[in-house]
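# Architecture at a glance
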Number of protein chains: 2
Amino acid sequence: MSTEEKIKEAAKKIFIKRGYAGARMNDIADELGMNKALLHYYYRSKEKLFEVIFFEVFDMLLPKLKATVTTDLPLRKKIELFVNTYVDAIASNPYVPMFILHELSQDPDRFVEKLKRRNSFPEIGQFILQVIQEMEEKNIQQYHPFHFFMNMISMCAFPFVARPMLQAVSGIGDEHWNEIMAIRKEEVTRFILNAIRI
Amino acid sequence: MSTEEKIKEAAKKIFIKRGYAGARMNDIADELGMNKALLHYYYRSKEKLFEVIFFEVFDMLLPKLKATVTTDLPLRKKIELFVNTYVDAIASNPYVPMFILHELSQDPDRFVEKLKRRNSFPEIGQFILQVIQEMEEKNIQQYHPFHFFMNMISMCAFPFVARPMLQAVSGIGDEHWNEIMAIRKEEVTRFILNAIRI
DNA sequence: GTCTATAGCTGGATAGAC
DNA sequence: GTCTATCCAGCTATAGAC
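Values in this document were obtained by computation on a predicted structure and should not be read as measured data.

About the criteria used
- Residues numbered from 1 in each chain as written.
- Chains lettered and ligands numbered in written order.
- Predicted model: local features only at pLDDT ≥ 70, side-chain atom pairs only at ≥ 80, totals over all residues.
- Heavy atoms only, no water.
- Helix = DSSP H or I, 4+ residues; strand = E, 2+ residues; numbered from the N terminus.
- Buried < 20%, exposed > 50% of the residue type's maximum accessible area, 1.4 Å probe, protein only.
- Contact = heavy atoms within 4.5 Å.
- Areas by Shrake-Rupley, 256 points an atom, 1.4 Å probe, with all protein chains shown as cover.
- Lys, Arg positive; Asp, Glu negative; His and termini not counted.
- Charge placed at Lys NZ, Arg CZ, Asp CG, Glu CD.
- Near = heavy atom within 4 Å.
- Polar contact = N/O pair within 3.5 Å; in protein donor to acceptor, adjacent residues only side chain to side chain.
- Least-squares fit on C-alpha atoms with pLDDT ≥ 70 in both.
- Expected span 1.5 Å × (residues − 1).

This next bit is on the overall build of chain A. Within chain A one finds 12 helices and zero strands. Its helices and strands in sequence order give chain A the pattern α-α-α-α-α-α-α-α-α-α-α-α, from N to C terminus. Overall, chain A is about 65 × 40 × 30 Å in size when its C-alpha atoms are taken along their principal axes. For chain A, the proportion of its 198 residues judged to be buried stands at 54%. Relative to all contacts within chain A whose residues are 6 or more apart in sequence, the contacts with residues 24 or more apart total 68%. Accessible surface, chain A as shown: approximately 9,000 Å² in total, 52% of it carbon and sulfur. The centroid of the 27 positive side-chain charges in chain A is displaced by 2 Å from the centroid of its 26 negative side-chain charges.

What follows is the structure in structure tokens.
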């Protein structure tokens, strides 16, 4: 791995742990046993380094989600695919939601602005329409379509965000936590499908 | 409202918006048209000021939740009460989850440690047992009880955390968002009860 | 109690040797 | 490319006048 790569990985770790404001260039350098002057040599400034990571994280996640939401599957299959994709993607990068929320809270407008410049922004309109149609045809329970969508997203993402607190409240240790999360996809999918069945 | 109170309220606003690391004592002072020396006069240090707010936020939320989880109601009623209480509590302080997550991510252990010193920590063991019993008696669908609990929490809390992103993805404006959130309690309760019905 | 002024430190950024 | 040394802005915190 090149020095440039190594810096990026270490920076990702620190930014995710502490957020942009809390992260120190020194911490990143220490993480690598390097000097912070090197970070500036490769990435010019803290802000620039952060942006590189920011977009990398999103380019890993958003295109996948966009693809699942816009495929041409029947609703139930699409829900299953969405949950599987989302939970898998986050489970293999469990720090991502926290990272996103961290920066989202600092300056929501700037954050959303950055995102929109990528055109990988998931387009949920079509999915919502599909839900509405199934409801009109009485194939599934009636819900407010947006709440239904929020329920899906919430159950996929929140456990990863709130993990430390959930573990504290429940007393579940790390090993046990991983075992439990391994079956989350199936549990959530089944939960949703049961909730919409007539 | 006393100066001390005013400082606390302004500080809460800033800490929530920017997190501990991102908040500036100057921002808090400016918010009030005061001088930052005053903040130190009343609260000694940034850290002390933060702690006061931290515990105030939790003392507003946790005891309520603890109460709902440990009441002696049948499961379905308890679920309804839990969702109503949680969503109401957060809706009237929509910044709270973000605030919590912010600080949770900085140093999870210290965070949980602080919390445990209060004895208002919700005890979910009894609730989980109740869920298990209903499942064994085949009164409700079979789920992993912890996933079921996570689903409840997730749907209550996440929309408030991710609001800016959800609005961006969906294109929903502020007025419309408020309308939608006004019915969330009912939507979530119905969703859960439908998911567990046999 | 409230203000101005300033001390003292932290952390991002750069210069310059190697 | 990598390191050491150092600059300088921005921040917390305090001293001291009123």
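Structure's up, so let's keep going.
What surrounds DNA strand D is a group of 16 residues, the closest being Asn35 and Tyr42 of chain A together with Lys36, His40 and Lys46 of chain B. Atoms of DNA strand D within 4 Å of the protein belong to the sugar or the phosphate in 64% of instances, the rest to bases. Within the side chain of Arg24 of chain B, an N or O atom sits 3.1 Å from a phosphate oxygen of DNA strand D. Interatomic distance of 2.8 Å between a backbone N/O atom of Lys46 of chain B and a phosphate oxygen of DNA strand D.

It is worth spelling out unusual backbone geometry at this point. Despite not being glycine, Lys138 of chain A shows a phi value in the positive range, around 60 degrees. Locating Lys138 of chain A in the fold gives a position in the loop between helix 8 (125-136) and helix 9 (145-161). Even without glycine at this site, Arg44 of chain B takes up a positive phi of about 70 degrees. Here Arg44 of chain B is to be found in the loop between helix 3 (36-43) and helix 4 (46-70). Classification of Arg44 of chain B as exposed rests on a relative accessible area of 69%.

Looking at the element boundaries, Leu104 of chain B is found in helix 6 (residues 96-106). Not counting chain neighbours up to four residues away, the residues in contact with Leu104 of chain B comprise Val161, Ala162, Pro164 and Met165 of chain A together with Phe111 of chain B.

Turning to its location among the elements, Gln142 of chain B is positioned in the loop between helix 8 (125-136) and helix 9 (145-161). Overall, the relative accessible area of 40% leaves Gln142 of chain B in the partly exposed class. A C-alpha to C-alpha distance of 40 Å links Gln142 of chain B and Gly19 of chain B, two positions 123 residues apart in sequence. Each residue touching Gln142 of chain B, except ones within four places of it in the same chain, is listed here: Arg190 of chain A together with Met135 of chain B. Polar side-chain contacts of Gln142 of chain B include one of 2.8 Å to the backbone oxygen of Met135 of chain B.

Overlaying chain B with chain A gives an RMSD of 0.1 Å, the required rotation being 180 degrees about an axis along which the chain moves by 0.0 Å. Classification of the inter-copy transformation places it as that of a two-fold axis. Nearest to the rotation axis, the C-alpha of Ala195 of chain B is located 1.9 Å from it, this being the minimum over chain B. When you check the interface residues of chain B against chain A, 100% turn up at the interface there too, and the contact is symmetric in its surfaces.

Further remarks concern helix 12 (residues 184-196) of chain A. For an α-helix, the turn length of 3.6 residues means that residues three or four places apart are oriented alike. All names here are of chain A. Relative to the 18 Å expected for 13 residues at 1.5 Å per residue, helix 12 spans 18 Å between its end C-alpha atoms, a close match to the ideal helical length. Counting buried positions over the 13 residues of helix 12 gives 10, a clear majority of the element. Among the residues making up helix 12, those that are buried are Arg184, Lys185, Glu187, Val188, Thr189, Phe191, Ile192, Asn194, Ala195 and Ile196.

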